[in-house]
Amino acid sequence: MVGPGRQERSWIRGAQAGSVSDLEALFREHWPRAHRAAYLVVQDGAAAEDIAQEAFLAAMRNLDRFDRRRPFGPWLHRIVVNRAIDWARARALRRETSAVEGTDEFDTGDLGTFSSGVAAGLASLSPEHRAVIVLRYLLDYTPGEIADLLDLPRGTVNSRLRRGLDRLEAILDRERA
Amino acid sequence: MSGDGDLRRALQQIQAPDEIDAQRRGWSLARAAFEAREPLSWERRHRGTLLAAAAAVVLLAAAISPPGRALVGSVRDAVTDENVTTQPALTSLPASGRLLVNSKTGPWIVQADGSKRRLGAWWEGAWSPNAEFVVVTRQREVAALDPEGNTRWSIGRSGIVRGARWSSEVNPRDTRIAYLNGRALRVVGGNGQEDRELRRRVGISAPAWRPGEFELAFSTVDGRIEVVDAETGRTVWRTVPGEIPKQLVWSEDGERLLALGDESLRVLAANGRKLFSLRLAVGPSGVVFVRDSHRFVMVRYSPATGRSDLELLQAEVDPGEARFLYSAPGEFGSLAISPNGNWLLVGWVNADQWLFLRLTAARVQAVSNISQQFGVSTEGKPIAKAFPTSVSWCCPASP
C-alpha cells in the first residue's frame, strides 16, 4: 500500500495535536467511501451507518497511537469491512434460525440499468465475496492488499474475486437478455 | 463483465440511503468523541509497546489455559491460572447480600453462607427494594412472597402474567409493581392494592422502573422505548422505532438506560436522547451496570469463534474503548453485580458454572454443577436444563 500523501500526514499530525479542523478534513476525506463500502457489504442503511460510525470512533480513540507514516485509509477500511462482514454473517445466521426478518435490498430506483444489475448481483453474493469486490473495485486495493486487510491468503482473494465477478456477469447477462 | 471501469463506475453510483445526513451524524459523533478524549503524553504514547507485550502474554496464558480458566483479564492486572479457584458447589458468596435465582424449577433465594431456599413452583421472581419480599408470577397469577415463601397477597389475571418488577421505595414504604398481563402493561401497589392497566399493547420485554421514581421504561410493539409516569399515565418520552429490546436496564442513579436487543444495544440518557448504539452479533448477550457508575459490563458473543467475551463500556456519548474483562468458549448467561460492587457473577452455561469475577483485581472464583444445585424439584428429582436464567444480587447499601 502506498504511504499517505503530504496533505493526509499533515491532517493526522494536526488531529493528533488536537486540531478539530484537521480531524474534520480527515473525516470528510474518508467517511464517504467507508460508509459506502459498509453499505455495499451489509446492504442495510442503518447498519452501514453504525459500522462507519463505530470505525471512526475506534479511529478517534486510537489516533494518538497512530503511526503517521502509514496511510489512514487502509487502517479504517480494515475495521469497516471486517465489521461489515461480521454483521452480515450474523444476520445470515439469524435468518437461518428465524423467519422474522425480511430481506434488505439495495434501492435501485434511481440507478442506471448496469448499476441496477450490479446492485442485484452484489445482493446475491455472500458477504465475503461482496467484501473483496468492494475492496477491489470501490476502494481500489490490489488483491495482495486485500489479502492483508482481510488476513486471507492471496489465492483465496483471487478466487473470491473471480467467483464474484463471474456471478455478477451471469446476472448482468440475464438482465440484458 | 463489461470491464473493470464499468464496474467501478457502477459501484460509485450505488448510494447508501441518507448519505449526507449520515455523514453529518457521523461527524457530530466523531467530533464529540475527539473532544472528549484525553490526548496521550509522550510517555504514555511510548507505553504502547509494553502494553502490547503484556497483552500478548495474557492472551497466550488464555490460549494455553484449560477450558474454563481462560482469563483474558485487564492488562493492568497480572493474571495467571493461580487467580482462578474452583469449587464443586456453592458454599458461600464472595460478598455480602443475597441472590435471587430464577431457574426452571422456580425462584430460589441464596444466602451469603450459601444456604438456599426454593420459593415454590413460580415461573419467575424479582426482589422488592430492600429484599423484604419477592414478587413472583406464574400462568395467570402475580403474588408477593416473603423470603420464607409465604404468600402475602396474590392477584389473578385473565392473561399470562410475566415480567413483574418492583419499583424502588419512592416514599417511605411506598412502592409499585409493574407487570405484563398478556400484551398489556399493568401496575399495582406494593401492597397488592390499586391494580390498573397502564398501556394496552406493549413489547415483550419486562418493564424497568427508573430508580427513585415512579417512572417506568417499557418497549412498544414497534420497538420504541417509552418512559411513562406510572402515577398519571403520562408519556415522559418515547424514542423512534427500533429493535424490540429483550432487556431494559437503568443505571443506579436513573440517568442512563440500556436497551439490549438481539442485534443491537441502545444507550439512552435519562431524557431519552440516544448516546450511542452498538451492533451485536446474534447470540447470547446481557448487560449489567457497575454500582454507582455509568459503566456497564456487556456479554458479547462471537458466532465466528463460538466464544463469549465480557467487556466494560461506559454509557456516555463516547463509550470509551471497551475494556476486555474475560473470555470463554460458549455462552454466558446471567450477570449480577454484588452489593458492594466488587464482584461480578457470570453464568457460564456451557461449563455449568458460575464465575465470580473480582472487578478490582484479577481473581475468579468458579462454582461448578450449578444446574444440579438449582435443578432439583421439591420431590428431590433432578430437572434437566435447569441452569438459572437470571440472578439478582441484593441489595446495595442505601445512600
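Residues numbered from 1 in each chain as written. Chains lettered and ligands numbered in written order. Predicted model: local features only at pLDDT ≥ 70, side-chain atom pairs only at ≥ 80, totals over all residues. Heavy atoms only, no water.

Student: Please explain the interface of chain A and chain B as it appears in this structure.
Tutor: Accessible area lost on assembly of the parts is the figure often given for the size of an interface. Tallying the contact residues gives 52 residues for chain A and 44 residues for chain B. Carbon and sulfur atoms supply 60% of the area that chain A and chain B bury against each other, a total of about 4700 Å² over both sides. At the junction of chain A with chain B, the criterion picks out four salt bridges. Among the ionic pairs, A:Glu49 bridges to B:Arg25, the shortest N-O distance being 2.6 Å. Taken together, chain A and chain B are joined by seven residue pairs in polar contact (both at pLDDT 80 or more). Of all elements in the fold, only α1 (6-16), α2 (20-42), α3 (45-61), α4 (72-97), α5 (113-123), α6 (127-137) and α8 (154-176) of chain A reach the threshold of two or more residues within the side of chain A that touches chain B. For the side of chain A that touches chain B, the class distribution of residues is 28 nonpolar, nine polar and 15 charged. (Contact = heavy atoms within 4.5 Å. Buried area = accessible area lost by both parts, 1.4 Å probe. Salt bridge = Lys/Arg side-chain N within 4 Å of Asp/Glu carboxyl O. Polar contact = N/O pair within 3.5 Å; in protein donor to acceptor, adjacent residues only side chain to side chain. Helix = DSSP H or I, 4+ residues; strand = E, 2+ residues; numbered from the N terminus. Nonpolar A, V, L, I, M, F, W, Y, C, P; charged D, E, K, R; others polar.)

Student: Sorry if this is basic, but what is going on with the packing of aromatic side chains here?
Tutor: Each aromatic ring pair is summarised here by two numbers: the centre-to-centre distance and the angle between the ring planes. Per the counting criterion, the structure on display carries 16 aromatic pairs over all chains. Note on A:Phe27 and A:Trp31: the rings are 5.2 Å apart at their centroids and 25° apart in plane angle, and the pair reads as stacked. Here A:Phe27 and its partner A:Trp31 are both found in helix α2, four residues apart, which amounts to about one turn of the helix. Pairing A:Phe72 with A:Trp75 gives two aromatic rings, centres 5.7 Å apart and planes at 70°, and the pair type is edge-to-face. Here A:Trp75 and A:Phe72 lie together in helix α4, a separation of three residues that amounts to about one turn. Of the two residues, A:Phe72 and A:Trp75, neither departs from the other in class, the shared state being buried. An aromatic cluster is present here, built from B:Trp108, B:Trp354, B:Phe356, B:Phe374 and B:Trp393 joined pairwise through their rings. (Phe/Tyr/Trp six-rings, centres within 6.5 Å; stacked < 30°, edge-to-face > 60°. Buried < 20%, exposed > 50% of the residue type's maximum accessible area, 1.4 Å probe, protein only.)

Student: When you look at the pairing of strand β12 (residues 196-199) of chain B in this model, what are you seeing that I'm missing?
Tutor: Regular strands show a simple pattern: their side chains alternate between the two faces of the sheet. All names here are of chain B. Where strand β11 (residues 184-189) and β12 come together, three bridges link them in antiparallel fashion. In the sheet register, Leu185 faces β12, and the bridge partner there is Arg199. Here β11 folds back onto β12, and the loop between the two strands holds six residues, one of which, Gly192, carries a positive phi near 85°. (Pairing = 2+ DSSP bridges.)

Student: Explanation requested: the packing of α2(A) against α6(A) in the structure shown.
Tutor: Axis angle and axis distance: for two packed helices, these are the angle between their axes and the distance between the axes, and together they describe the pair. All names here are of chain A. Closest axis-to-axis distance for the α2/α6 pair is 8 Å, and the angle between their directions is 150°. Relative to α6, the element α2 is oriented roughly antiparallel. Helix-helix and strand crossings are classified by hand; for α2 and α6 the assignment is right-handed. Residues Ala37, Leu40 and Val41 of α2 pack against Pro127, Arg130, Ala131 and Val134 of α6. Residue composition of the contact of α2 with α6, by class: six nonpolar, no polar and one charged. (Axes fitted to C-alpha atoms, helices over the stretch in contact; angles between N-to-C directions. Parallel < 35°, antiparallel > 145°, perpendicular 65-115°, else oblique. Left-handed = near helix turned anticlockwise from the far one by under 90°.)

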